[in-house]
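# Observations on chain architecture
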Amino acid sequence: MAKTYKEIMAEARKSVPEWSVDQVKAQLDNGGGHSLIDVREKEEFREGHLRGALSLPRGFLEMRVEEAIPDKNTAVIAYCAGGTRSLLAARNLRELGYSNVVSMTGGYTAWKNAGLPFEQDRQFSTEQLTRYSRHFMLPEVGEAGQAKLLDAKVLCVGAGGLGSPTAFYLAAAGVGTIGLVDHDTVDLSNLQRQILHTNDRIGMPKIESARQTLTALNPDVRIVGYQERLSSDNIMRIIADQDYDVIVDGCDNFPTRYLVNDACVLTGKPNVHGSIFQFEGQAAVFYPHRGPCYRCLFPEPPPPGAAPSCAEAGVLGVLPGLIGCVQALETLKVILDIGKPLIGRMMYFDTLSMEVRIHKLRRDPNCPICSDKATIKELIDYEEFCGLRGGHQEDQSAQATA
Ligand SMILES: [Zn+2]
């Protein structure tokens, strides 16, 4: 004969110790190394939960607990709203081999009624819950990760070929503040690859065109535009303006690349690098003091004219899309602190052979800016450094963006 509810509960009580809220409080205050799991539904968790609790709704418990708590000897405290669901959840955990599980009597209701401290995660609007639902399903992102993205501030250098896909996907993902530096206006020749811009916006400042596209995609995102030519004179002010967390370099010339590198090292900001040439592209994350910087790899710029830009050498339309997407991806990983960003590694992509290579990169112990022996302590004149001051090279120093 099937068991009654009462019988099931009585059996569970025999196998699972129950702790009062005071016992749980004392244990948590002692820092007793317990894993605290909240087995209520997501909506209940969102309204408030114990500090440090892991949200594992009962429907997903068996599926997710082994990943969340791999060591089955871990002491686990389970709680729900009133103490019933957690008792049954604790019994299930014991069946899965967790030997040391207790259930909190009275659950979150008793905890709150006792006046004990609780936490409330970021409150998302109904629209946000739907918009970011695919992120919420990923345990590595979840609501906490989405809150980080919404709070994040990313500066994109250039709203061109690389900056377009980067900013597009960052906005879609809900990166809350996106700064864009670009002094240029939309030109017909940009539209073969710069997907933020449209035919009817030719002549419009790229910053304005980008703002229209990005806010139409996601009104959560705040776009901060800097319609100016990035230089030693303004980069520090721009980075400080919103205290950006990550700088994404989508520029197409060496003076700006060294400028962005040096400013990132001097301010300690991660620099998500991308560059393209005809059919090939590369991407890396230069994270000050966690890995090499651009100067560790290339202490000196190439001679003027040796490395032509897109405007001079051409670029396959899709290529900046690929590299810009890698930059957007790496930016999300850095913000979320997940996976293995391209720190100390450079990805090379050859579109014609479809070969992707990853090269390990080393810090240069004599790097002029990021080593102990650094000689560069402030920004320099990058046009001069790259040999572009005056004469026929002047055009090349124009800051076209990829
Ligand atoms: Zn360096």
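One numbering rule holds for all chains: residues counted from 1, following each sequence as written. Under the rules for a predicted model, residues below a pLDDT of 70 receive no local features and side-chain atom pairs below 80 are neither given nor counted, while totals for whole chains, interfaces and linings still include all residues. Hydrogens are left out, water is left out, and the side-chain values use all remaining heavy atoms of the structure.

Next up on the list: the sheet that holds strand 8 (residues 222-226). Working definition: the strands of a sheet are paired by backbone hydrogen bonds and lie parallel or antiparallel to each other. We call two strands paired when DSSP finds no fewer than two bridges between them. Only DSSP runs of H or I with at least four residues qualify as helices, and only runs of E with at least two residues qualify as strands; both kinds are numbered from the N terminus onward. The strand order across the open sheet built from eight strands is 8-7-6-9-10-11-12-13, with neighbouring strands paired in mixed fashion. If you trace the sheet from one side to the other, it starts and ends with strand 8 and strand 13 (355-360), each paired once. Direction aside, the axes of adjacent strands within the sheet are offset by 15° on average. Bridge count for strand 10 (residues 271-277) against strand 11 (residues 280-286) is seven bridges, and the pairing is antiparallel. Counterpart to N271 in the pairing with strand 11 is F286. By the convention used here, residues are in contact when the closest approach between their heavy atoms is within 4.5 Å. Orientation is described by axes fitted as lines to C-alpha atoms, over the contacting stretch for helices, and by angles from 0 to 180 degrees between their N-to-C directions. On top of the sheet, helix 16 (residues 319-336) reaches strand 6 (153-157), strand 9 (246-249), strand 10, strand 11 and strand 12 (345-350); it is set at about 170° to strand 10, its chief contact.

The next thing to look at is helix 5 (residues 84-95). Expected span of a helix, by definition, is 1.5 Å for each gap between consecutive residues, and there is one gap fewer than residues. End to end, helix 5 covers 17 Å across 12 residues, agreeing with the expected 16 Å (1.5 Å per residue, within 8%). Classification of residues uses two cut-offs on accessible area relative to the type maximum, computed with a 1.4 Å probe and protein chains only: under 20% is buried, over 50% is exposed, and between them is partly exposed. Of all the positions in helix 5, only S86, L87, L88, A89, A90, N92 and L93 are classed as buried. Buried residues belonging to helix 5 abut helix 1 (5-15), strand 1 (18-19), strand 2 (35-38), helix 4 (58-68), strand 4 (76-79) and strand 5 (101-104). A positive phi of about 105° marks G97, the residue just after helix 5.

V175, I178 and L180 are the most contacted members of the largest nonpolar core, which has 40 residues in total. No other element matches helix 16, which puts eight residues into this core. Discounting chain neighbours no more than four positions away, the residues touching L180 are L155, C156, G158, A159, A167, I207, A210, L214, I223, V224, G225 and Y226. Here, nonpolar core means buried Ala, Val, Leu, Ile, Met, Phe, Trp, Tyr and Cys residues that are tied together by side-chain atoms lying within 4.5 Å of each other. In this structure, I239, C264, L361 and L388 belong to the second largest nonpolar core, which totals 27 residues.

Ordered in space as 1-5-4-2-3, the five strands form an open sheet in which the pairing is parallel. Looking at which strands have only one partner, the edges of the open sheet turn out to be strand 1 and strand 3 (54-55).

Once that is clear, we can look at the coordination of the zinc ion. Metal donors: N, O and S atoms at distances within 2.8 Å, or within 3.2 Å for Na, K and Ca, with water omitted from the atom set so that some sites may seem incomplete. Bound to the zinc ion on the protein side are C293 (SG), C296 (SG), C367 (SG) and C370 (SG), at distances that span 2.3 Å. For the zinc ion, the four donor atoms in the first shell make angles of 96 to 122° at the metal, so the coordination geometry reads as tetrahedral. Mapping the donors of the zinc ion onto the primary sequence yields the spacing C-x2-C-x70-C-x2-C. Across this residue pair, the class does not change: C293 and C296 are buried. Every angle between 85 and 135 degrees makes a four-donor site tetrahedral, while opposite donors more than 155 degrees apart, with all other angles between 65 and 115, make a four-donor site square planar and a six-donor site octahedral; other sites are irregular.

Considering the arrangement of structural elements, one finds C325 in helix 16. Judged by its relative accessible area of 31%, C325 falls in the partly exposed class. Sequence separation between C325 and P165 is 160 residues, and the spatial gap between their C-alpha atoms is 5.8 Å.

Right, let's talk about helix 16 for a bit. With 18 residues, helix 16 should reach 26 Å at 1.5 Å per residue; the first-to-last C-alpha distance of 26 Å fits that figure. With respect to burial, helix 16 is a largely interior element, 14 of its 18 residues being buried. Following helix 16 by one or two positions, D337 adopts a phi angle in the positive range, close to 55°.

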